Amino acid sequence: MAFSFFSESEDKSLVLLVDVGSGSVGGALVRISAGKPPHVLATVRRNIEFQNALSSARFLLTMNNALEQTLKDLQGFAKGHGAPSQIFCTLSSPWFILKTRHLRVVRGEPFEVSERVVKEFLDEEILKLKEELALTLPPKEVEVIEKKIIQMKLNGYELKNPYGQKTSQMEMVVAIGVSSTRVVASIKRKIGQIFHTKSLRFGSFPLVAFSALRDIFPNERNFLFLDITGEATDVSLVERDVLLGNSLFPRGRNFFVREISTALHTVHEEAESLFNMHVRGELAGPKKVAVADIIERSRVEWLDRFEKALAVLAGEGTLPRTVFFLADADVAAFFSEVINGAQSKFLLNNGFESRFLDALITMQFVGFESGVIRDPFLVVLALLAHKELTASES
């Protein structure tokens, strides 16, 4: 029987964070109070079982297994602290689809901007999005997990609080994140079996990272953000402080491991060990040459997919040089080198300049209990949770 927190008193400052990726599931318990940086009490991350050939049904099952293990690990840490009052859960690809929409409304007579008017436009746009996704995900199986207004202009001028104003022209940049009802229901069920917190918020990781990056680097208004997980890489474009779009390609860390396994006819565990040793520069002799050759061919294919994702975002324009990215810490240097070596036709300058969001960058914004692992994905989520919860208190 799952441990129940109904017997525990709820701690208003305690928040549970869950990060569902394509290669692992992470979780954290964080204390959040107004006027103080978020304080991480515990972090846990469990790998999703590796698959030689990806199957959607099997993938969902193994993700839920990793989620359950993560939650049970956090369950032990939570005893004595009380029940978390809020839960934030982010999804990385392939568990979500994020679309940025540019809406423009022009009327002959001025109209008042209200929450109801904005909601009507957003609901209409969501219906259009469901129709567009029909071949990928039937409309009845689409679950909207977030809808964020990134920018709003009235008569050409940007306003932070447009409600109550009158205008004849309204422009909005809106990010809409959706997932499968089956995926969302399975995550809710797993969380509900262990943590009976009523408040559960879902979001897409690229949008969470966008919010955090704007706060951490307020002077960076044009950049790319890469979320490199086990099975996929999400690429987001930010220009003039606005998230313009997101593109995905199904190549992450596990792609390199899978290529080694296939080429050398070896099991996953051995291939992963060889990849890690290559990254650390520990291979020698014929094995070093063989693995390096496989990695080089795989790097070329990864960069080709990266360029195609950039083409979707750039259109006929150019792209910024700065690339912020998140990946497992042990392969951060590897992917930094890969990104910096990319030669894109969408760059006016020589190449990309990558910046890994490691603990050295984020630790000044977040506190940690002694001995707690600095998980950069969970740190970014902690910043978002702190921002939203303390904003609602002010």
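Here, every reference points to the structure presented above.
Everything in this summary refers to the structure shown in the same document.

Conventions and cut-offs
Residues numbered from 1 in each chain as written. Predicted model: local features only at pLDDT ≥ 70, side-chain atom pairs only at ≥ 80, totals over all residues. Heavy atoms only, no water. Helix = DSSP H or I, 4+ residues; strand = E, 2+ residues; numbered from the N terminus. Expected span 1.5 Å × (residues − 1). Buried < 20%, exposed > 50% of the residue type's maximum accessible area, 1.4 Å probe, protein only. Arc of directions from axis to C-beta. Polar contact = N/O pair within 3.5 Å; in protein donor to acceptor, adjacent residues only side chain to side chain. Contact = heavy atoms within 4.5 Å. Salt bridge = Lys/Arg side-chain N within 4 Å of Asp/Glu carboxyl O. Pairing = 2+ DSSP bridges. Axes fitted to C-alpha atoms, helices over the stretch in contact; angles between N-to-C directions. 1 Å grid on protein atoms, 1.4 Å probe; cavity = no way out; pocket = protein on both sides within 12 Å on 5 of 7 lines; lining within 4 Å. Points joined across faces, edges and corners; volume = space filled by probe spheres on them. Nonpolar A, V, L, I, M, F, W, Y, C, P; charged D, E, K, R; others polar.

It is worth spelling out helix α3 (residues 181-194) at this point. In an α-helix, one turn spans 3.6 residues; hence positions three or four apart end up facing the same way. Taking 1.5 Å per residue as the helical rise, α3 with its 14 residues ought to reach 20 Å, and the 20 Å between its terminal C-alpha atoms agrees with that figure. Turning to α3, its buried residues number three or more, namely Val-183, Val-184, Ser-186, Ile-187, Lys-190, Ile-191 and Ile-194. Projected down its long axis, α3 carries its buried residues within an arc of 165°, all on one side. The N-cap of α3, judged by a side-chain oxygen 3.1 Å from the amide nitrogen of Arg-182 a few residues on, is Ser-180.

Here the focus is helix α8 (residues 332-340). By the burial criterion, the buried members of α8 are Ala-332, Phe-334, Phe-335, Ser-336, Val-338 and Ile-339. The elements touched by buried residues of α8 are β10 (223-228), α5 (253-264), α6 (268-280), α7 (285-314), β13 (322-326) and β14 (353-356).

Attention now moves to the pattern of salt bridges. Taken as a whole and assessed by the stated rule, the structure comprises 27 salt bridges. Across the pair Glu-301 and Arg-251 runs a salt bridge, and its minimum N-O distance is 2.9 Å. Of this pair, Glu-301 sits in helix α7 while Arg-251 sits in the loop between β12 (242-249) and α5, placing them 50 residues apart in sequence. Using a relative accessible area of 28% as the deciding quantity, one classes Glu-301 as partly exposed. Its relative accessible area of 15% is what places Arg-251 among the buried residues. Across the salt bridge formed by Asp-328 and Arg-253, the nearest N and O atoms sit 3.3 Å from each other. One end of the pair, Asp-328, is in the loop between β13 and α8; the other, Arg-253, is in helix α5, with 75 residues separating them in the sequence. The class of Asp-328 is partly exposed, set by a relative accessible area of 32%. For Arg-253, a relative accessible area of 9% gives the class buried. Connected via shared salt-bridge partners are Arg-101, Glu-124, Glu-125, Lys-128 and Glu-132.

Another point: the sheet that holds strand β5 (residues 97-112). Working definition: the strands of a sheet are paired by backbone hydrogen bonds and lie parallel or antiparallel to each other. Read across the open sheet, the 4 strands follow the order β5-β8-β6-β7; overall the sheet is antiparallel. Edge positions in the sheet fall to β5 and β7 (157-158), since each of these pairs with one other strand and no more. The pairing of strand β6 (residues 142-154) with β7 spans 2 bridges and is classified as antiparallel. Paired with Leu-154 across the strands is Tyr-157, a residue of β7. Here α3 sits on the sheet in contact with β6 and β8 (166-180), set at roughly 70° to β8. Docked against the sheet, helix α4 (residues 205-216) engages β5, β6 and β8, running at close to 35° with respect to β6.

This part is about the environment of Asn-47. Summarising the element assignment, Asn-47 is placed in strand β3 (residues 39-47). Beyond its immediate sequence surroundings of up to four residues, Asn-47 is in contact with Gly-23, Ser-24 and Ala-66.

With that settled, the discussion passes to the layout of surface pockets. The volume enclosed by the largest pocket comes to roughly 700 Å³. As for the largest pocket, its lining consists of 28 residues, of which Pro-94, Trp-95, Phe-96, Ile-97 and Thr-136 are closest to the centre. Secondary-structure elements contributing two or more residues to the lining of the largest pocket are α1 (56-78), β5, β8, α3 and β12. Sorting elements by how many residues they give to the lining of the largest pocket places α1 first, with 4 residues. When grouped by side-chain class, the residues that make up the lining of the largest pocket number 15 nonpolar, 8 polar and 5 charged. The wall of the second largest pocket is formed by 30 residues, among which Ser-24, Arg-45, Asn-47, Arg-253 and Asp-328 lie closest to the centre. Elements supplying a minimum of two residues to the lining of the second largest pocket: β3, β10, α5, α6 and α10 (376-393). Looking at the lining of the second largest pocket residue by residue, the classes come out as 9 nonpolar, 11 polar and 10 charged.

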